[in-house]
Amino acid sequence: MSKVYEHPLANNQAIKNFQKYLQIKSVQPNPDYGSCVDFLTEQAKELGLPIKIYEFVKGKPIVVISWTGINPDLPSIILNGHMDVVPVVESEWKYDPFAAEIDKNGNIYARGAQDMKCVSIQYLEAIRYLKQNGVKLRRTVHISFVPDEEIFSADGMALFAKSQEFKDLNVGFGLDECGPTPNNEYVVTNGERVSWTLEIVCHGNTGHGLMLIPNTAAEKVQYLLNKFLGYREESRKKMKHHLYDLGNVTSVNLTNIEGGVQSNVIPSKITMLFDCRVTPNDAVIFDALVKQWCQEAGGDSVTYKYICKDPVLPVTKTDDSNPFWKAFENIFKKRNNKLFVGILPGASDARFLREIGIPVLGMSPMPETPFLLHNHNEFLNAQTFLDGIEIYKELISAIANVE
Ligand code: ZN
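As the structure is a prediction and not an experimental result, all values here were calculated from the model.

A.B. asks: What is the right way to read the nonpolar core from this model?
C.D. replies: The nonpolar side chains of soluble globular proteins are, as a tendency, buried together. Ranked by internal contacts, the top residues of the largest apolar core, which has 65 residues, are Leu-175 and Phe-385. If one sorts the elements of this core by residue count, helix α10 (residues 382-400) sits on top with 11 residues. Sequence-distant contacts of Leu-175, defined by excluding residues within four places in its chain, comprise Ile-78, Leu-79, Asn-80, Tyr-123, Phe-328, Val-360, Leu-361, Tyr-392, Leu-395 and Ile-399. Ranked by size, the runner-up nonpolar core spans 25 residues in total, among them Val-252, Met-272, Val-302 and Tyr-306.

Rendered as structure tokens:
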């Protein structure tokens, strides 16, 4: 165990709140949501804001802290964050992953430091500041804290977004998470790649392994692998240097191949699995390509099906037609901060909101920060965290004041 170092920022109230939240072991598979609720209840009390706790599934609380706007009839803003974090391999960590220690460089080490307890506390601290300074916003702002994002959200946002309770919040726009960048950019995502798991079965002539039988399953596999791996290579070429380019291309990976009974029998059937992550713009054409390639590979002797096929959702508009985007973008222009707009390579709870027609942008303000989501030694610099609060002060004001 390393010696605790007292960093000058350690006494900052926002940092302390961040550490407190990080110290709660809301870690899968048995997250301590009870302590999250206690902590957030305390926060709401300090902020003088009402808190609601919905429990559609026992032990899976959904917490909403609300700040009523001047015109509460306007569609509201939701600032979403998930409470849970992924498990740790404790032996691989430099510090206790649930101690939230600050080292000499001001780095706060903890599971959830980047994904995404930072963002939830930044929302709260920005609102604390605005409220203390007598600011009143036009629209109502709801800060939501949801469970189980890291285990696909079935008892979390997937459920909440479909509920009457959510409908009653009259949400018109939302913010959710993204990730860090190693340079001085801020990444904002307006959509997500979808996950499609493809199973292809190639049938062919069987017989003795010493023969040169035509029309075997392996030849069809060869044709398909050339197509799929060729497509994969094209996607790789489209990626330039940016970490988030991945979101704007479709990736395919062969993840399983099975067939045959023993080494001297030509298999009559070979099955392949492909993990496909499809960027929204590619969905229609990729679907058509799969059909075409399977047909070319062997007509009726090659069959395919999607074991999983997420629906392709509308991306949130990042043009003048979306006043929330304009308000968002203006803040970054004013601050002279570079924005990278893209598609999230993975999935977040934003998809459940986009699915019901709510525009959502994903951002976690973490420039100059290594990507450590789900990795060992996840950390966020205290100053980067505090800078993020400054951004949210302006951002929340701007989007909640959209006419
Ligand atoms: Zn996350």
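Moving on from the coordinates now.
A.B. asks: Looking at this structure, how should I read the packing of helix α3 (residues 117-132) against α10?
C.D. replies: Geometry of a packed helix pair, given as the angle between the helix axes and the separation of the axes. Running from N to C, α3 and α10 cross one another at 60°; their axes reach a closest spacing of 8 Å. Here α3 lies oblique to α10, going by the angle between them. Seen along the crossing, α3 lies across α10 with a hand that is right-handed. Two secondary-structure elements touch here, α3 through Cys-118, Val-119, Ile-121, Gln-122, Tyr-123, Glu-125, Ala-126, Ile-127, Tyr-129 and Leu-130 and α10 through Thr-384, Phe-385, Gly-388, Ile-389, Tyr-392, Lys-393, Ile-396 and Ser-397. Counted by class, the contact of α3 with α10 contains 12 nonpolar, 4 polar and 2 charged residues.

A.B. asks: Explanation requested: the coordination of the zinc ion in the structure shown.
C.D. replies: Expected angles at a metal are 109.5 degrees for tetrahedral coordination by four donors and either 90 or 180 degrees for octahedral coordination by six donors. The coordination sphere of the zinc ion contains the protein donors His-82 (NE2), Asp-115 (OD), Glu-177 (OE) and Glu-177 (OE), at a distance range of 1.8 to 2.7 Å. Its 4 donor atoms give the zinc ion angles of 53 to 154° at the centre, a pattern that matches the irregular case. Sequence spacing among the residues donating to the zinc ion works out to H-x32-D-x61-E. Of this pair, Asp-115 sits in the loop between β5 (107-109) and α3 while Glu-177 sits in the loop between β7 (171-176) and β8 (185-192), and the two are 62 residues apart along the sequence. Neither residue differs from the other here; Asp-115 and Glu-177 are each classed as buried.

A.B. asks: Could you clarify how one ought to interpret the packing of aromatic side chains in this entry?
C.D. replies: What describes a pair of aromatic rings is the distance from one ring centre to the other and the angle between the planes of the rings. Under the criterion given, the structure shown has 21 aromatic pairs. An angle of 40° between the planes, with centres 6.1 Å apart, marks the rings of Phe-56 and Phe-160 as tilted. Taken together, the residues span a long stretch of sequence, with Phe-56 in the loop between β1 (51-54) and β2 (62-67) and Phe-160 in helix α4 (residues 157-160) at a distance of 104 residues. Overall, Phe-56 belongs to the partly exposed group, its relative accessible area being 33%. The class of Phe-160 is buried, set by a relative accessible area of 0%. Relative to Phe-286, the ring of Tyr-231 lies with its centre 5.4 Å away and its plane at 50°, an arrangement referred to as tilted. A residue pair is termed long-range when its members are at least 10 positions apart, and Tyr-231 in helix α6 (residues 217-238) and Phe-286 in helix α7 (residues 283-298) qualify at 55 residues. Residues Tyr-231 and Phe-286 agree in their burial class; the two are buried.

A.B. asks: For this particular structure, what's the right way to read the state of the cysteines?
C.D. replies: What we call a disulfide is simply a covalent bond connecting the sulfur atoms of a pair of cysteines. Across all of its chains, the model carries 0 disulfides by this definition. We note that Cys-118 lacks a disulfide partner, and the nearest cysteine sulfur, in Cys-178, lies 11 Å from it. In this model Cys-308 remains outside any disulfide bridge; the closest cysteine sulfur is found in Cys-276, 9.7 Å from its own.

A.B. asks: Honestly, the sheet that holds strand β11 (residues 251-259) in this entry has me stumped. Any pointers?
C.D. replies: Across a sheet, strands are paired by hydrogen bonds formed along the backbone, either parallel or antiparallel in direction. Pairing within the open sheet is antiparallel, and its 4 strands lie in the order β11-β13-β9-β14. Of all the strands in the sheet, just β11 and β14 (302-309) have a single pairing partner and so form its edges. Strand-to-strand, the axes of this sheet are offset by a mean angle of 20°, without reference to chain direction. Pairing analysis gives 7 bridges linking strand β9 (residues 194-203) to β14, with the strands arranged antiparallel. Residue Cys-202 lies in a different strand from β14, and its bridge partner there is Val-302.

A.B. asks: When you look at the domain arrangement of the chain in this model, what are you seeing that I'm missing?
C.D. replies: How large an interface is tends to be reported as the accessible area lost when its parts come together. What the domain assignment lists for the chain is domain 1 (8-178 + 348-400) and domain 2 (194-309). Just the C-alpha atoms count here: the centres of domain 1 and domain 2 sit 40 Å apart.

A.B. asks: How do you make sense of the sheet that holds strand β4 (residues 101-102) when you look at a structure like this?
C.D. replies: Read from one edge of the open sheet, 3 strands run β4-β5-β17, paired in antiparallel fashion. On the outer flanks of this sheet lie β4 and β17 (379-381), each paired with one strand and no other. Of the strand pairs in this sheet, β5 and β17 are connected by 3 bridges, and their pairing is antiparallel. Residue pairing in the sheet places Tyr-109 in a bridge with Phe-379 of β17. Docked against the sheet, helix α1 (residues 13-23) engages β4, β5 and β17, running at close to 20° with respect to β5.

Cut-offs and rules
- Residues numbered from 1 in each chain as written.
- Predicted model: local features only at pLDDT ≥ 70, side-chain atom pairs only at ≥ 80, totals over all residues.
- Heavy atoms only, no water.
- Core = buried A, V, L, I, M, F, W, Y, C linked by side-chain atoms within 4.5 Å.
- Buried < 20%, exposed > 50% of the residue type's maximum accessible area, 1.4 Å probe, protein only.
- Helix = DSSP H or I, 4+ residues; strand = E, 2+ residues; numbered from the N terminus.
- Contact = heavy atoms within 4.5 Å.
- Axes fitted to C-alpha atoms, helices over the stretch in contact; angles between N-to-C directions.
- Parallel < 35°, antiparallel > 145°, perpendicular 65-115°, else oblique.
- Left-handed = near helix turned anticlockwise from the far one by under 90°.
- Nonpolar A, V, L, I, M, F, W, Y, C, P; charged D, E, K, R; others polar.
- Donors = N, O, S within 2.8 Å, 3.2 Å for Na, K, Ca; no water.
- Tetrahedral: all angles 85-135°; square planar, octahedral: opposite > 155°, others 65-115°.
- Phe/Tyr/Trp six-rings, centres within 6.5 Å; stacked < 30°, edge-to-face > 60°.
- Disulfide = S-S within 2.5 Å.
- Pairing = 2+ DSSP bridges.
- Domains from an automatic or database assignment.

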